[in-house]
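Overview (structure and organization)
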Amino acid sequence: MNDSIVEWAIQVAETELRASLPRRWAHIQGVAGRATEIRSALGKDSSLLISAATLHDVGYAPRLAATGFHPLDGARFLRDEHGADERLVRLVANHSFALLEAEERGLHEELATEFPLLEEPLLVDALVYCDMTTTPDGDRTTAQDRVAEIRSRYGDDSVVGRFIRRAAPETFASVERVEAALTAQPR
């Protein structure tokens, strides 16, 4: 992968989200910015991380919301309309512990079968880190504050509220692993 895939990802995300969901677009820009900041920890996969960060919420675009579950809708769009790289599509489909939310929505088997989780722990953790340390407006935050914000916005009894409570320990562990990897990087 190279920087041309990043340019393509920006174009796709901007086309789908900038006008229709400007706050989501701001979040995506912040998440992509975080990915750019930590790219040295990913080496050859840095462009893949930045592209996944840029496209992780594309499934929220109104014209793409077929199931109402944005990781699945986004991954299908990238695969079916763009023939996107399989690793990229699987990252988008499974970002930030989407399988746990898929269980809450009765879509676990569908997501897991169609888009198996990548067996690349640092890459998966890095996308969680970027997403869960960025506010809905694209600003930096802690994972703890981000989880609290999601719970507050959706409510603890909602599908998203139940999911984020279940995902919180894994989210915090992912963020800690990425922070440890970043600390270990030569300066």
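These remarks concern the structure in this document. (Residues numbered from 1 in each chain as written. Predicted model: local features only at pLDDT ≥ 70, side-chain atom pairs only at ≥ 80, totals over all residues. Heavy atoms only, no water.)

**Thoughts on the overall build of the protein chain**
Scanning the protein chain from N- to C-terminus turns up 10 helices and 0 strands. Listed by position from the N terminus, the elements making up the protein chain come as α-α-α-α-α-α-α-α-α-α. Since a compact globule built from 187 residues should have a radius of gyration of about 16 Å, the 15 Å found for the protein chain is in line with a globular shape. Principal-axis analysis of the C-alpha atoms places the extent of the protein chain at approximately 45 × 35 × 30 Å. Out of the 187 residues in the protein chain, the part that is buried amounts to 49%. Taking the contacts inside the protein chain whose residues are at least 6 apart along the sequence as the reference set, 67% of them involve residues at least 24 apart. (Helix = DSSP H or I, 4+ residues; strand = E, 2+ residues; numbered from the N terminus. Rg over C-alpha atoms; globule rule 2.2 N^0.38 Å. Buried < 20%, exposed > 50% of the residue type's maximum accessible area, 1.4 Å probe, protein only. Contact = heavy atoms within 4.5 Å.)

**With respect to the pattern of salt bridges**
Counted under the stated rule, the structure contains 25 salt bridges. The partner of Glu103 in a salt bridge is Arg166, with the nearest N and O atoms 2.6 Å apart. Here Glu103 is found in helix H6 (residues 98-105), whereas its partner Arg166 is found in helix H10 (residues 159-184), with 63 residues between them in sequence. One connected set of salt bridges, linked through shared partners, spans Arg76, Arg79, Asp80, Glu110 and Glu114. (Salt bridge = Lys/Arg side-chain N within 4 Å of Asp/Glu carboxyl O.)

**Things to note about the packing of helix H9 (residues 143-154) against H10**
With their axes 10 Å apart at the nearest point, H9 and H10 run at an angle of 175° to one another. When the interaxial angle is binned, H9 and H10 end up roughly antiparallel. Listed contacts from H10 to Ala143, Gln144, Val147, Ile150, Arg151 and Tyr154 of H9 are Val160, Gly161, Ile164, Arg165, Ala168, Thr171, Phe172 and Val175. (Axes fitted to C-alpha atoms, helices over the stretch in contact; angles between N-to-C directions. Parallel < 35°, antiparallel > 145°, perpendicular 65-115°, else oblique.)

**Brief notes about the side chain of Glu16**
With respect to the helices and strands, the residue Glu16 is situated in helix H1 (residues 3-17). Among the residues examined, Glu16 registers a relative accessible area of 11% and is labelled buried. With residues up to four places along the chain from it excluded, the contact list for Glu16 reads Val58, Ala61, Arg63, Leu64 and Phe77.

**Notes on the environment of Ala75**
Structurally, Ala75 can be placed in helix H4 (residues 70-82). Assessed through its relative accessible area of 0%, Ala75 is described here as buried. As a C-alpha pair, Ala75 and Glu86 span 11 residues in sequence and 9.5 Å in three-dimensional space. The residues touching Ala75, leaving out its near neighbours within four places in the chain, are Val89, Val92, Ala93 and Phe115.

**Some remarks on the environment of Ala102**
Along the polypeptide, Ala102 turns up in helix H6. Spatially, the C-alpha atoms of Ala102 and Arg34 are 26 Å apart, while their sequence positions differ by 68 residues. Residues contacting Ala102, with those up to four places away along its chain left out, are Phe69, Leu107, His108 and Leu111.

**A short note on H4**
Compared with the 18 Å implied by 1.5 Å per residue over 13 residues, the 17 Å span of H4 between its first and last C-alpha is a close match. Among all positions of H4, only His70, Pro71, Leu72, Asp73, Gly74, Ala75, Phe77 and Leu78 are buried. On its buried face, H4 is in contact with H1, helix H3 (46-55), helix H5 (86-93), H6 and helix H7 (108-114). Taken from the residues just after H4, Gly83 is the one with a positive phi, measuring 55°. (Expected span 1.5 Å × (residues − 1).)

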